[in-house]
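Descriptive analysis of the structure
Each chain is listed here by its residues.
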Amino acid sequence: MFSNQTYSLRRKELRNKMQSGIIIILGNNESPANYPHNTFHFRQDSSFLYYFGLNQPGFVGVIDVDNDQDCIFADDFTLDDVIWMGKLPSVAQLAEQVGVKISNPINELQNVVDKAAKAGRKIHFLPPYRTDNKILIANLLGVKISQVAELVSPELVNAVIEQREIKSEEEIQQITLACNTGYNMHTTAMKMCKPGMVEREIMGTLEGISLKEGAGVSFAPIVTINGQTLHNHFYGNTLTDGRMLLVDAGAENNMNYCSDFTRTMPVNGKFTTKQKEIYDVVLSANMLVKKISKAGLTYQDIHIESLKEMGRGLHELGLIKGDPIEAAMNGAVAMFMPHGLGHQMGLDVHDMEDLGEKLVGYDAKTKRSEQFGLGALRMGKTLRPGHVITDEPGIYFIPDLIAKWKNEKTCAQFIDFQKVEQYLDFGGIRLEDGLLITENGCTVLGDKHIPLTTQEVENEMAKSL
Ligand code: GLY
Ligand code: MN
């Protein structure tokens, strides 16, 4: 936990951004997996963590904009809780730790909301994404669950995004710790990867490292020999000679700050020429993004630069024909990379995505494209110092997509489909790092460099655990 001053200052800044009213920040509750007492791993809401710092279920924070007052609503632990879970501080003591002087039982919240509503004050809340919290808000406001979405406060959503998207130095330190765990996960995967190993064995080890060093994985890891399937959560394949293993995995540190890295490696420890050629095209895009990213440019423009870079590389390999820049601008490279270059990262691996992907990733100046591929970009807006983003270009050979584009002659003037069909069993390559945007450039997050070039990856794979 940060100092109580950090949380008090964050709430003060939020109050200053808002006109009037009360702000309700909902913490998360335990969520049953298969019966009430067998719950999923508890994950606190990230905005609650940001403003109120407490990592317990069943808490709600209220910030009174007009009266410079904050309050935590939660029930004290009963003797039964103490018997089963051990002694815990009181809600008042916990509130004190994050600079909140007032705390009340949870059932007092209804009175506060009713009083504010009666006085005609605005009641601001963020979009709830869990059903129990949707029900709670509906009950508090006396509306139907279907009406909750339209009552979300755009003023609050924008204020929270504006505040949370610029990371402080102490937040960067936490993200760096999560990246350091990411380093341990990825270098372990490189050492474990060999023919005969099952994806699940590597995945389980990586998850174990993330739990040993912090709060677990930051999202369901992708550990697959079928890297062409972008979010592949199947872990049952045996690694075979000749294929590549794609590992997209990150960790949360103890304070729930996240990391997210992707590396791709040859199962047998040595890239074939064909694999290395495509790998180097992805690598040159990953490195170009690190070279050119800086405050003032839009990430949408940088995504387009990465497509041009890959267009040039694919042209050299004969997969793209005609002018590679024109090919990139016309969307041809999107057949090879149908996803975006990256997203913001912080207390969520896709930071603040619960507040709305468009609002987090775009602004008045930068509109989300409707073009296939470019439209999948989650973070397109102007970069500012303190932004943390991922740089994750990839090249994939997705047989169904290739067949569709070939049949429909999509970008046929730019794609040599005959040549592309020689890669149908190739799989996919993605290379991902986290970047901190600065005034004049960017820095790669993490204290240690995760092997990235083909030579570095092969060297790491040759080491034993
Ligand atoms: N690394 C997974 C994702 O960005 O969606
Ligand atoms: Mn990512």
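Here the structure is a predicted model, which means the values were calculated and not measured.

Before going further, it helps to spend a moment on the coordination of the manganese ion (ligand 2). The reference angle at a metal is 109.5 degrees if four donors form a tetrahedron and 90 or 180 degrees if six donors form an octahedron. Surrounding the manganese ion (ligand 2) are the protein donor atoms D260 (OD), H343 (NE2), E392 (OE) and E432 (OE), at 2.1 to 2.3 Å. Look at where the donors of the manganese ion (ligand 2) fall in the sequence and you get D-x82-H-x48-E-x39-E. Here E392, found in the loop between β11 (388-391) and β12 (394-396), pairs with E432, found in the loop between β13 (428-430) and β14 (433-437); they are 40 residues apart in sequence, far enough to count as distant. Take E432: its relative accessible area is 0%, and that puts it in the buried class.

Moving on, we come to the sheet that holds strand β7 (residues 123-125). If you walk across this open sheet you meet the five strands as β6-β5-β4-β1-β7, and the pairing is mixed. Two strands close off the open sheet at either side, each with one partner strand: β6 (102-104) and β7. Ignoring which end each strand starts from, the neighbouring axes of this sheet average 25° apart. Where strand β1 (residues 22-26) and strand β4 (residues 60-64) come together, five bridges link them in antiparallel fashion. From the neighbouring strand, I23 faces β4, where its bridge partner is I63.

Moving on to the packing of aromatic side chains. Taken as a whole and assessed by the stated rule, the structure comprises 10 aromatic pairs. Ring centres of F397 and Y423 lie 4.8 Å apart, and the angle between their planes is 15°; on these two criteria the pair is classed as stacked. Within this pair, whereas F397 is found in the loop between β12 and α15 (399-408), its partner Y423 is found in the loop between α16 (417-420) and β13, the two being separated by 26 residues in sequence. Accessibility classification places F397 together with Y423 in one group, the buried group. Pairing Y423 with F426 gives two aromatic rings, centres 5.7 Å apart and planes at 50°, and the pair type is tilted. For Y423, a relative accessible area of 3% translates into the label buried. Ring pairs connect the aromatic residues F336, F397, Y423 and F426, which therefore count as one cluster.

Among all positions in α15, only L401, I402 and W405 are buried. For α15, the buried positions fall inside an angular range of 100° around the axis, keeping them on one side. Turned more than 90 degrees from where α15 packs its buried face, D400 and N407 sit exposed. Buried residues along α15 sit against α16. Directly beyond the C-terminal end of α15, a positive phi value near 55° is found at K409.

The predicted model of the protein chain has a mean per-residue pLDDT of 97, with 100% of residues at 70 or higher. Least confident of the elements in the protein chain is helix α3 (residues 79-85), whose mean pLDDT is 92; most confident is helix α2 (residues 46-52), at 99.

The phi angle at D68 is positive, at roughly 50°, despite the residue not being glycine. Residue position: D68 is located in the loop between β4 and β5 (69-73). According to the relative accessible area criterion, D68 is exposed, its value standing at 57%. The backbone of C411 sits at a positive phi, close to 50°, despite the residue not being glycine. Among the secondary structure elements, C411 is positioned in the loop between α15 and α16.

Both strand β2 (residues 32-35) and strand β3 (residues 38-39) contribute to a ladder of two bridges, which runs antiparallel. If you follow Y35 over to β3, its bridge partner there is N38. The loop that links β2 with its antiparallel partner β3 comprises two residues.

Right, let's get into the pairing of β11. Neither face of β11 is exposed, since V388 and T390 on one face and I389 and D391 on the opposite face are all buried. Where β11 and β14 come together, four bridges link them in antiparallel fashion. Of the residues in β14, the one forming a bridge with I389 is L435.

Reading guide: rules and limits
- Along each chain, numbering runs from 1 in the same order as the chain's sequence is written.
- Written order decides the labels, with chains lettered from A and ligands numbered from 1.
- Local features in this predicted model are restricted to residues whose pLDDT is 70 or higher, and side-chain atom pairs enter the listing and the counts only when it is 80 or higher, whereas totals over whole chains, interfaces and linings include all residues.
- Just so you know, side-chain values use all the structure's heavy atoms and leave hydrogens and water out.
- Distances up to 2.8 Å from the metal define which N, O and S atoms are donors, and 3.2 Å serves for Na, K and Ca; water is absent from the atom set, so sites may look incomplete.
- Numbering of helices and strands runs from the N terminus; a helix is a DSSP stretch of H or I covering at least four residues, while a strand is a stretch of E covering at least two.
- Buried residues are those whose accessible area, probed at 1.4 Å on protein chains only, stays under 20% of the maximum for their type, while exposed residues exceed 50% and partly exposed ones sit between those limits.
- In this description, strands pair whenever DSSP reports at least two bridges between them.
- With axes taken as lines fitted to C-alpha atoms, and helix axes fitted only over the stretch in contact, angles between N-to-C directions fall between 0 and 180 degrees.
- The aromatic pairing rule takes the rings of Phe, Tyr and Trp, using the six-membered ring of Trp, and pairs them if the centres are within 6.5 Å, calling planes under 30 degrees apart stacked, those over 60 edge-to-face and the rest tilted.
- This arc describes the spread of directions from the helix axis toward the C-beta atoms.
- When checking whether two residues touch, look at their non-hydrogen atoms; a contact exists if any pair is within 4.5 Å.
- Every residue gets a pLDDT, meaning the predictor's confidence in that residue, from 0 to 100.

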